[in-house]
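Coordinate inspection notes
Here is what each chain is made of, one letter per residue.
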Amino acid sequence: MSGKRKAVALISGGLDSMLAAKVMLEQGIQVEGINFFTGFCVEGHTHAIRKQDSAKPKRNNALWVAEQLGIKLHIIDVIEEYKDVVLNPKHGYGANLNPCLDCKIFMVHKAQEWIKENGFDFIITGEVVGQRPMSQRKDTMPVVARESGAEDRLVRPLCGKKLPATLPEREGWIERDWLYDFSGRSRKPQMALAEKYGFTDYAQPAGGCCFLTDVQYSVKLADLWKSRGERRYELDDIMLLKVGRHLRPRPHFKLIIGREEGENNFLEGYRKQFVHLRALNLDGPLALLDGVANDADIELAARLVCRFGKGRDAEEVEVVVTDKQGATRVLNVAPLTADAIPQEWYV
Amino acid sequence: MKLELDARHLLCPLPVIRTQDAVKHLQAGDKLLVHCTDPGAIHDIPTWCRINGHIVRDIHLDGRDITITVEVTDGVV
Ligand code: SF4
């Protein structure tokens, strides 16, 4: 063997990929991390936006993991390429709009390209047989290896003993005996291994590593596609789905209404791209109007917006409406009462 | 060389990604001034610098505007 063998680990920021990388470091492999930013990652964003979360540390978990492990981390922007994974998943969606199997294939494929370009020997993931219903099943794990093109250069240290030997094992770069045989949905073996390595304070995302596993988020994304009459998105669209209340009073427009100061500040960054509304001289949210609206629609929007501000019980509230060019006008409107807002308006 | 990077209105990890991509084209000793607005960057950019062997020389806050000065090294950690 000439020199140290090198592997790139897919680091999501969660415990499993952290452990997988650590197992390989313990075998003397030189490991660097790779993390893909799809735009849907749960990482950071919402914490950064919402003021009420500002007391919590706003760390990026993938960077945190890399620092704990003492490895380099390469964060790759895959926003554009990833669209095809979300819009046309060959293997379909999971419970929500999460294309987990295609997503894994895509990420391992990107890692495969990266190791070729950078002279690395193999790829590590934190996958565990039977852990996830779609991408981590005994029958789908070989699909990831095959369709990504990584083939037997893909090592899953946490369940490697349950899988056929990979190239690094056959070549003696790593010891099969030192791999693990975790399987199923239990988190106990991972937690025990974390304790052995002295890892505490690791992130435990509920459900999955991205917003596409979230029911509410998926409903909003489906609503966006339906209202546009086509399945496509830009980064701003999917960012805005993470923020505020979304109400669609009419098929041709919806309102994105900030729920607190942090969200209002975030929405302010989009003022030039949307018609927006805010109560004058009264505390209340900023609302962006997405779609096309005539005068009657704008009046309805104004009445709706004051429902969520201090003036909700006033007889009349002045609402400033600003168009995309920055021209403003003031409407005097009666706030809608709570029972005048049908539940179906909430996206 | 001193380079400025505008990462304002981008949310993490985009300011980190832009920093990483800019540093690739710089030499040891060069300075990169990253302008951003996401408070998460105050944490993330220094972490990225630590794990990749670069040095944060200054973090300047002016209202919501944040400027982080990174000194590029040869990247040996
Ligand atoms: S949860 Fe999201 S990021 Fe994770 S595998 Fe599924 S689609 Fe990909």
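The structure displayed is predicted, hence computed values, not measured ones. (Residues numbered from 1 in each chain as written. Chains lettered and ligands numbered in written order. Predicted model: local features only at pLDDT ≥ 70, side-chain atom pairs only at ≥ 80, totals over all residues. Heavy atoms only, no water.)

1. Concerning the overall build of chain A
What counts, and what does not: Working definition: helices are DSSP H or I runs of at least four residues, strands are E runs of at least two. Numbering for both runs from the N terminus. Between two residues, a contact is recorded if the distance between any of their heavy atoms is within 4.5 Å. Counting rule applied: Lys, Arg positive; Asp, Glu negative; His and chain ends not counted. Throughout, a charge is located at the NZ atom of Lys, the CZ atom of Arg, the CG atom of Asp or the CD atom of Glu.
For chain A, the count of helices and strands is 12 helices and 11 strands. Dimensions of chain A, computed from C-alpha atoms along their principal axes, come out at roughly 80 × 40 × 35 Å. Pairs at least 24 apart in sequence give 65% of the contacts found in chain A among residues at least 6 apart. Averaging the locations of the 49 positively and 48 negatively charged side chains of chain A gives two centres separated by 3 Å.

2. Structural notes on the interface of chain B and chain A
Applicable threshold: Once two parts are joined, some of their accessible surface, as seen by a 1.4 Å probe, is lost; buried area is that loss totalled over both. Take a side-chain nitrogen of Lys or Arg and a carboxyl oxygen of Asp or Glu: if they are within 4 Å of each other, that pair is a salt bridge. Identification of polar contacts relies on pairs of N or O atoms within 3.5 Å, with a donor-acceptor requirement for protein atoms, meaning one able to donate a hydrogen and the other able to accept it, and with residues adjacent in sequence counted only if both atoms are side-chain atoms.
Each partner contributes residues to the interface: chain B has 21 residues there, and chain A has 23 residues. Counting the surface chain B buries against chain A, the share from its top three residues, Leu11(B), Pro13(B) and Ile51(B), is 30%. There are 2 salt bridges connecting chain B and chain A. The shortest N-O distance in the salt bridge between Arg18(B) and Asp77(A) comes to 3.5 Å. Where chain B packs against chain A, one counts 4 residue pairs in polar contact (both at pLDDT 80 or more). Contributing elements (two or more residues each) for the side of chain B that touches chain A: helix 1 (14–24) and helix 2 (40–52) of chain B.

3. A word on helix 4 (residues 79–87) of chain A
For clarity, the cut-off: Three labels apply to residues, based on accessible area from a 1.4 Å probe with only protein chains included: buried if under 20% of the type maximum, exposed if over 50%, partly exposed otherwise in between.
Among all positions of helix 4 of chain A, only Ile79(A), Tyr82(A), Lys83(A), Val85(A), Val86(A) and Leu87(A) are buried. Those residues of helix 4 of chain A that are buried lie in contact with strand 2 (30–37), strand 3 (73–77), helix 5 (100–118), helix 9 (215–228) and helix 10 (235–240) of chain A together with helix 1 of chain B.

4. Overview of the confidence of the model for chain B
Rules: Confidence scores labelled pLDDT are given residue by residue by the predictor and lie between 0 and 100.
Counting all residues, the mean pLDDT for chain B is 94, and 99% of those residues have values of 70 or more. Reported for the predicted complex are a pTM of 0.91 and an ipTM of 0.93.

5. Concerning the environment of Leu282(A)
Residue and element names in this part refer to chain A. Inspection of the secondary structure puts Leu-282 in the loop between strand 8 (275–279) and strand 9 (287–291). For Leu-282, a relative accessible area of 36% translates into the label partly exposed. In this structure the C-alpha to C-alpha distance between Leu-282 and Leu-241, which are 41 residues apart in sequence, comes to 26 Å. In this structure, Leu-282 is in contact with Lys-310, Gly-311 and Val-317, ignoring residues within four places of it in sequence.

6. Topic: empty space enclosed by the protein
Residues and elements named next belong to chain A. Where we set the bar: Here the term cavity refers to a set of points on a 1 Å grid, laid over the protein atoms alone, in which a 1.4 Å probe fits but cannot get out; the term pocket refers to an open set having protein on both sides within 12 Å along at least five of seven lines, with lining residues being those that place an atom within 4 Å of a point. Grid points are joined across faces, edges and corners, and a volume is the space filled by probe spheres set on the points. When residues are sorted by character, Ala, Val, Leu, Ile, Met, Phe, Trp, Tyr, Cys and Pro go into the nonpolar class, Asp, Glu, Lys and Arg into the charged class, and all the rest, Gly among them, into the polar class.
On inspection of all chains with the given rule, the structure shows 2 cavities of 30 Å³ or more. Roughly 50 Å³ of volume is contained in the largest cavity. Along the walls of the largest cavity sit Leu-224, Arg-228, Asp-237, Leu-240, Leu-241, His-246, Lys-254, Ile-256, Phe-274 and Asp-290, which together make up its complete lining. Elements represented by at least two residues in the lining of the largest cavity include exactly helix 9, helix 10 and strand 7 (253–257). Residue composition of the lining of the largest cavity, by class: 5 nonpolar, 1 polar and 4 charged.

7. A look at the packing of aromatic side chains
All names here are of chain A. To keep things clear, this is the line we draw: Each Phe, Tyr or Trp ring (for Trp, its six-membered ring) is paired with any other whose centre lies within 6.5 Å, and the angle between the two planes then decides the class: stacked below 30 degrees, edge-to-face above 60, tilted in between. A positively charged side chain is recorded as over a ring if its NZ (Lys) or CZ (Arg) lies within 6 Å of the ring centre. The angle to the ring normal must also be within 35 degrees.
Here the structure, examined in full by the defined rule, presents 11 aromatic pairs over all chains. Between the aromatic rings of Tyr-82 and Phe-106, the centroid separation amounts to 5.6 Å while the plane-to-plane angle is 70°, which identifies the pairing as edge-to-face. Linking Tyr-82 in helix 4 with Phe-106 in helix 5, this pair joins segments that are 24 residues apart in sequence. Residue Tyr-82 is classed as buried on the basis of its relative accessible area of 1%. Ring centres of Tyr-180 and Phe-182 lie 5.2 Å apart, and the angle between their planes is 50°; this geometry places the pair in the tilted category. Phe-182 carries the same exposure label as Tyr-180, and that label is buried. Stacked on the ring of Tyr-197, the Lys or Arg Lys-22 has its end atom at 5.5 Å from the ring centre.

8. Section: the domain arrangement of chain A
Let me state the cut-off plainly: Boundaries between domains were set according to an automatic or database domain assignment.
If you check the domain split of chain A, you get domain 1 (6–206) and domain 2 (243–345). Domain 1 of chain A and domain 2 of chain A are separated by 41 Å when their C-alpha centres are compared.

9. With respect to a nonpolar patch on the surface
Residue and element names in this part refer to chain B. The following threshold applies: Like charges within 9 Å and nonpolar side chains (Val, Leu, Ile, Met, Phe, Trp, Tyr) within 5 Å are joined into patches, using only residues over 30% in relative accessible area that form no salt bridge. Areas reported here follow the Shrake-Rupley algorithm with a probe of radius 1.4 Å; residue values treat only the protein chains shown as occluding.
Among the surface-exposed residues, Ile-42, Ile-59 and Leu-61 lie close enough to one another that they form a single nonpolar patch of about 240 Å² accessible area. If you trace the backbone, Leu-61 turns up in strand 3 (residues 55–62). Judged by relative accessible area, which is 52%, Leu-61 ranks as exposed.

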